[in-house]
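The lines below spell out each chain.
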Amino acid sequence: MKPLHQHDCHCCHYLGTVDDTDLYHCGQSGYGSTLIARYSSDGPDYLSGLCFSQSGILRIAANRAIEQGHLSVEDWRRAAYINGYIPYSDVKRLMQMSDDELRETFYSTIQQLGDKRNRIIGDTAYRIMDRRKS
Ligand SMILES: [Zn+2]
């Protein structure tokens, strides 16, 4: 199997194509390791992030990366926040927020650091903002 679309990172391991979407695991990322789902050859036309791999196409990429030994289950669990305290519906809600809403969520949750779920929500909001900048 070969990728359908152009992808310019030489550090990526191709994981196969599902529904016209090329899946990759990349070891070269600011966060250590990430998963990528590329929809077309157009540069920005992809989804990425271990923290968004709880379900959907990136979950398929996660399973394959784990099966092929590129990613450990422990690293994936840690990065994907699937320790049982942040449901994917929360991640989805955060992804739909504007930058201002994300910033507000981040600042309001860091005031309640004792609460594990709030801490993860704040951290996820921060990561989403950070990704949008690049
Ligand atoms: Zn890469």
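Because the structure is predicted, anything quoted here is derived from the model rather than measured. (Residues numbered from 1 in each chain as written. Predicted model: local features only at pLDDT ≥ 70, side-chain atom pairs only at ≥ 80, totals over all residues.)

Trainee: Would you mind showing me how to read the nonpolar core here?
Mentor: The nonpolar side chains of soluble globular proteins are, as a tendency, buried together. Membership of the largest hydrophobic core comes to 25 residues, with the highest contact counts inside it found for Leu35, Ala61 and Ala62. Elements represented by at least two residues in this core include exactly strand 1 (12-18), strand 2 (21-26), strand 3 (34-38), helix 1 (56-67), helix 2 (73-80), helix 3 (88-95) and helix 5 (116-133). It is helix 1 that provides the largest number of residues to this core, a total of 4 residues. For this core, the two domains that each supply at least three residues are domain 1 (1-80) and domain 2 (85-134). (Core = buried A, V, L, I, M, F, W, Y, C linked by C-beta atoms within 7 Å. Buried ≥ 20, exposed ≤ 12 C-beta atoms within 10 Å, placed from the backbone. Helix = DSSP H or I, 4+ residues; strand = E, 2+ residues; numbered from the N terminus. Domains from an automatic or database assignment.)

Trainee: Sorry if this is basic, but what is going on with unusual backbone geometry here?
Mentor: Outside of glycine, negative phi angles account for most residues, and trans bonds account for most peptide bonds. Unlike most non-glycine residues, aspartate 19 shows phi in positive territory, near 50°. Mapped onto the secondary structure, aspartate 19 falls in the loop between strand 1 and strand 2. On the basis of neighbour counts, which here come to 8 C-beta atoms within 10 Å, the residue aspartate 19 falls in the exposed class. Residues other than glycine seldom take positive phi values, yet aspartate 20 does so here, at roughly 65°. Along the polypeptide, aspartate 20 turns up in the loop between strand 1 and strand 2.

Trainee: Can you walk me through the pairing of strand 3 in this structure?
Mentor: Working note: regular strand, side chains alternate between the two faces of the sheet. Within strand 3, 5 of the 5 residues are buried, which leaves it mostly tucked inside the rest of the structure. Across the two faces of strand 3 the burial is the same, with Thr34, Ile36 and Arg38 and Leu35 and Ala37 all buried. The pairing of strand 2 with strand 3 spans 5 bridges and is antiparallel. Looking at the pairing, tyrosine 24 lines up with isoleucine 36 of strand 3. Alignment of strand 3 against strand 4 (residues 46-48), held across 3 bridges, turns out to be antiparallel. Across the sheet, residue isoleucine 36 finds its bridge partner in strand 4, namely serine 48. (Pairing = 2+ DSSP bridges.)

Trainee: Help me understand helix 2 in this model?
Mentor: For an α-helix, 3.6 residues make a turn, and residues three or four places apart therefore share a direction. The complete set of buried residues in helix 2 reads Trp76, Ala79 and Ala80. For helix 2, the buried positions fall inside an angular range of 90° around the axis, keeping them on one side. Contacts from the buried residues of helix 2 go to helix 1. (Arc of directions from axis to C-beta. Contact = placed C-beta atoms within 7 Å.)

Trainee: Help me out: how do you make sense of the packing of helix 4 (residues 99-109) against helix 5 in this one?
Mentor: Two packed helices can be described by the angle between their axes and the distance between those axes. The geometry of helix 4 relative to helix 5 is characterised by a closest axis approach of 8 Å and an angle of 145° between their N-to-C directions. Taken as a pair, helix 4 and helix 5 cross one another with a handedness that is left-handed. For the pair formed by helix 4 and helix 5, the contact residues are Asp99, Leu102, Arg103, Thr105, Phe106 and Thr109 on the first element and Asn118, Arg119, Ile121, Gly122, Ala125, Tyr126, Ile128, Met129 and Arg132 on the second. (Axes fitted to C-alpha atoms, helices over the stretch in contact; angles between N-to-C directions. Left-handed = near helix turned anticlockwise from the far one by under 90°.)

Trainee: Honestly, the sheet that holds strand 4 in this entry has me stumped. Any pointers?
Mentor: The pairing of strands in a sheet happens through backbone hydrogen bonds and is either parallel or antiparallel. Ordered in space as 1-2-3-4, the 4 strands form an open sheet in which the pairing is antiparallel. Each of the sheet's edge strands pairs with one partner strand only, and the pair in question is strand 1 and strand 4. The average angle at which neighbouring strand axes cross in this sheet is 20°, direction not considered.

Geometric descriptors of this kind do not, in isolation, establish any biological role.
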